Amino acid sequence: MDQNQLKQAVAKAAIDYIQPKLEADTIVGVGTGSTANYFIDYLAQIKGLFDGAVASSEASAERLKSHGIPVYDLNTVDRVLVYVDGADETNPNKQLIKGGGAALTREKIVAAVAEEFVCIADESKWVETLGAFPLPVEVIPMARSHVGRALLKLGGNPVYRQGVVTDNGNIIIDLHGLAITDPVALETEINQIVGVVCNGLFAARPADVLLLGGAEGVKQF
């Protein structure tokens, strides 16, 4: 199978995983990106089994609405049963790097609220040590230079992602060249830099379930 077929396979596996949990009042958290898009398309096939969704980006919200799935503001719902999203990297502890699509802050918010976080990824995203994929950091625009200097001191190479504005109106700095041996500590350290909104390490709150698609099918971790 090619990568798109693997993404489709894990998206369908996520549907099979969550479907028995769904009830008429269930709210499903939905992520952002190409794998999440496949999940949204499959979710549309069972939209009569749950109430609606909260989305981690405007793009995902529009895709959900195009399928006739109600999309709620997170502030208006009492409970998010499950959050399903992809990843740019995952290690064996189900700690992730996310944010290639610049939706990391909203993704992290929905993940924090959800009772269960299900990560769907193809086997190319599996690594022993996080950091080969550049770590995205969402930054308030006026703090770009300050944050860049602070990130440089961490040993990586910060690169401003040109032409990208997040749904929150901020910018992205990608931190290249790190081998992240203590993801929780680094997540905390970066978030303490003044001007940082959020970073793409999902380590303090890792995935609860990882569905990983490979040549031999989808494995659950």
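Residues numbered from 1 in each chain as written. Predicted model: local features only at pLDDT ≥ 70, side-chain atom pairs only at ≥ 80, totals over all residues. Heavy atoms only, no water.

Chemist: Quick rundown of the packing of aromatic side chains? Include the residues and the values.
Modeler: For the coordinates displayed, the defined rule picks out 3 aromatic pairs. Between Y83 and F117, the aromatic rings sit 5.3 Å apart at their centres with planes inclined by 35°, giving tilted as the arrangement. One end of the pair, Y83, is in strand β3 (residues 82-85); the other, F117, is in strand β6 (residues 117-122), and 34 residues separate them in sequence. The pair formed by Y83 and F117 is uniform in burial state, with each residue classed as buried. An aromatic cluster is present here, built from Y83, F117 and F202 joined pairwise through their rings. Positioned above the aromatic ring of F202 is the side chain of K98, whose terminal nitrogen or guanidinium carbon lies 5.5 Å from the ring centre. (Phe/Tyr/Trp six-rings, centres within 6.5 Å; stacked < 30°, edge-to-face > 60°. Helix = DSSP H or I, 4+ residues; strand = E, 2+ residues; numbered from the N terminus. Buried < 20%, exposed > 50% of the residue type's maximum accessible area, 1.4 Å probe, protein only. Lys NZ or Arg CZ within 6 Å of the ring centre and 35° of its normal.)

Chemist: Would you mind going over the packing of helix α2 (residues 34-43) against helix α3 (residues 58-66) in detail, with residue names and values included?
Modeler: As a packed pair, α2 and α3 sit with axes 9 Å apart at the nearest point and diverge in direction by 25°. It follows that α2 is roughly parallel to α3 by the angle criterion. Between α2 and α3 lies a crossing whose hand is right-handed. Facing α2, whose interface residues are N37, I40, D41 and L43, α3 presents S60, R63 and L64. Taken together, the residues of the contact of α2 with α3 break down into 3 nonpolar, 2 polar and 2 charged. (Axes fitted to C-alpha atoms, helices over the stretch in contact; angles between N-to-C directions. Parallel < 35°, antiparallel > 145°, perpendicular 65-115°, else oblique. Left-handed = near helix turned anticlockwise from the far one by under 90°. Contact = heavy atoms within 4.5 Å. Nonpolar A, V, L, I, M, F, W, Y, C, P; charged D, E, K, R; others polar.)

Chemist: Lay out the pairing of strand β12 (residues 209-214) with the relevant residues and their values.
Modeler: With 6 of 6 residues buried, β12 is to be regarded as a mostly interior element. Residue alternation in β12 divides its side chains into two sets, V209, L211 and G213 and L210, L212 and G214, and both sets are buried. Taken together, the 5 bridges between β6 and β12 define a ladder with parallel strand orientation. Of the residues in β12, the one forming a bridge with A121 is L212. As paired elements, β12 and strand β13 (residues 217-220) share 4 bridges and run antiparallel to each other. (Pairing = 2+ DSSP bridges.)

Chemist: Can you break down the pairing of β6 residue by residue, with the values?
Modeler: Counting buried positions along β6 gives 6 out of 6 residues, so the element sits mostly inside the fold. Here β6 shows a buried face lined by F117, C119 and A121 and a second buried face lined by V118, I120 and D122. In this structure, β3 lies alongside β6, joined through 3 bridges in parallel fashion. Paired with V84 across the bridge in β6 is V118.

Chemist: So what's going on with the sheet that holds strand β9 (residues 171-176)? Residues and values would help.
Modeler: Reading across from one edge, β8-β9-β7-β10 is the order of the 4 strands in this open sheet, with antiparallel pairing throughout. Two strands in the sheet have a free side with no partner beyond their single neighbour: β8 (157-160) and β10 (196-199). Adjacent strand axes in the sheet meet at a mean angle of 30°, parallel and antiparallel pairs treated alike. Sheet analysis places strand β7 (residues 135-139) next to β9, joined by 5 bridges and oriented antiparallel.

Chemist: Any chance you could break down the packing of helix α1 (residues 3-18) against α2 for me, citing the residues and the numbers?
Modeler: It is at 8 Å that the axes of α1 and α2 come closest, and there the two elements cross at 50°. Considering their axes alone, α1 and α2 lie oblique with respect to each other. With respect to the hand of their crossing, α1 and α2 are arranged in right-handed fashion. Where α1 approaches α2, its residues N4, K7, Q8, V10, A11, K12, A14, I15 and I18 are matched on the opposing element by S34, T35, Y38, F39, Y42 and L43. Residues that form the contact of α1 with α2 fall into these classes: 9 nonpolar, 4 polar and 2 charged.

Chemist: So what's going on with α3? Residues and values would help.
Modeler: Turning to α3, its buried residues are S60, A61 and L64. Within α3, the buried residues cover an arc of 105° as seen down the axis, which keeps them to one side. Of the residues in α3, the exposed ones pointing more than 90 degrees away from the buried face are A59 and S66. Of the surrounding secondary structure, the elements contacted by the buried residues of α3 are β1 (27-30), α2 and β2 (52-55). Of the residues flanking the end of α3, it is G68, one or two places downstream, whose phi is positive at about 80°. (Arc of directions from axis to C-beta.)

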